[in-house]
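One-letter residues, chain by chain:
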Amino acid sequence: MSEMMKAFVMHAVGQGPVGMMATVGARLRGAGLVIGVESMPNRIALAEKYGCDVIVDFTKEDPIEAILKATGGKGVDSAIEALGSSKTFAACMSRLLRLIESNRVDPLALTTHRFAFKDIEKAFKMMQTKEDGMIKPLISFG
């Protein structure tokens with residue numbers, strides 16, 4: 001690994017599905033330090049599993065101050081806003097889809113809830129409120 005890649009620091013705001021896949025991508029590309037920003041305990045645990053070295057809980061500390069402290073005052077080389085808009089998700093998954101297809105990344109750990117298609121409205125409501133620790137639902141059509 002080159003010195004540049006060893007020093008690369010990536011920061012993802014929001015460790016939902018998009019943020020976690022950005023974390024995986026940064027780790028696989030050789031980031032030396034990956035910092036995530038998240039407050040939900042189940043997402044924090046999963047973000048650590050997917051490669052975050054440091055998790056900043058924005059409800060307990062100022063993210064900018066915490067990131068500067070974690071990087072010795074230098075800040076990050078790259079920051080990703082990953083709060084989950086459909087446009088952001090599509091752009092992120094186009095590159096990471098190959099990693100999923102080649103079994104280098106298992107996205108099933110993101111699936112915390114399962115719903116029949118008839119319950120899709122409940123699934124969407126729970127996604128908005130993050131009720132019951134939801135990260136991502138799986139909707140069955142059959």
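These numbers come from a predicted model, not from an experiment.

Novice: Help me understand unusual backbone geometry, please; the structure alone is not making it clear to me.
Specialist: For residues that are not glycine, phi is negative in most cases, and the peptide bond is trans in most cases. One non-glycine residue with positive phi stands out, namely Asn-103, at about 65°. Mapped onto the elements of the fold, Asn-103 is located in the loop between helix H5 (86-101) and strand S5 (111-116). Positive phi, close to 60°, is recorded for Lys-130, a residue that is not glycine. Mapped onto the fold, Lys-130 is located in the loop between helix H6 (120-129) and strand S6 (136-140). Accessibility expressed as a relative area gives 32% for Lys-130, which makes it partly exposed.

Novice: I tried to follow the side chain of Asp-57 on my own but got confused; where do I start?
Specialist: For Asp-57, the position within the fold is in the loop between strand S3 (54-56) and helix H4 (63-70). Discounting residues that sit within four places of it in the chain, Asp-57 has contacts with Glu-38 and Ser-39.

Novice: Please clarify how the nonpolar core should be interpreted in this entry.
Specialist: Across soluble globular proteins, nonpolar side chains have a tendency to be buried as a group. Of all hydrophobic cores here, the largest spans 12 residues; its members are Met-20, Met-21, Val-24, Leu-46, Tyr-50, Met-93, Leu-96, Leu-99, Ile-100, Val-105, Leu-110 and Ile-135. At four residues, H5 tops the list of elements feeding residues into this core. Discounting chain neighbours no more than four positions away, the residues touching Leu-96 are Met-21, Ala-22 and Gly-25. Counting seven residues, the second-largest nonpolar core is a separate cluster that includes Ala-31, Val-34, Ala-47 and Cys-52.

Novice: Help me understand the packing of aromatic side chains, please; the structure alone is not making it clear to me.
Specialist: How two aromatic rings sit relative to each other is set out by the distance from centre to centre and by the angle between their planes. Applying the stated criterion across every chain yields a total of one aromatic pair. Aromatic pair Phe-117 and Phe-141: ring centres 5.1 Å apart, planes at 35°, arrangement tilted. Taken together, the residues span a long stretch of sequence, with Phe-117 in the loop between S5 and H6 and Phe-141 in the segment after S6 at a distance of 24 residues. A relative accessible area of 45% means that Phe-117 is categorised as partly exposed.

What counts and what doesn't
Residues numbered from 1 in each chain as written. Predicted model: local features only at pLDDT ≥ 70, side-chain atom pairs only at ≥ 80, totals over all residues. Heavy atoms only, no water. Helix = DSSP H or I, 4+ residues; strand = E, 2+ residues; numbered from the N terminus. Buried < 20%, exposed > 50% of the residue type's maximum accessible area, 1.4 Å probe, protein only. Contact = heavy atoms within 4.5 Å. Core = buried A, V, L, I, M, F, W, Y, C linked by side-chain atoms within 4.5 Å. Phe/Tyr/Trp six-rings, centres within 6.5 Å; stacked < 30°, edge-to-face > 60°.

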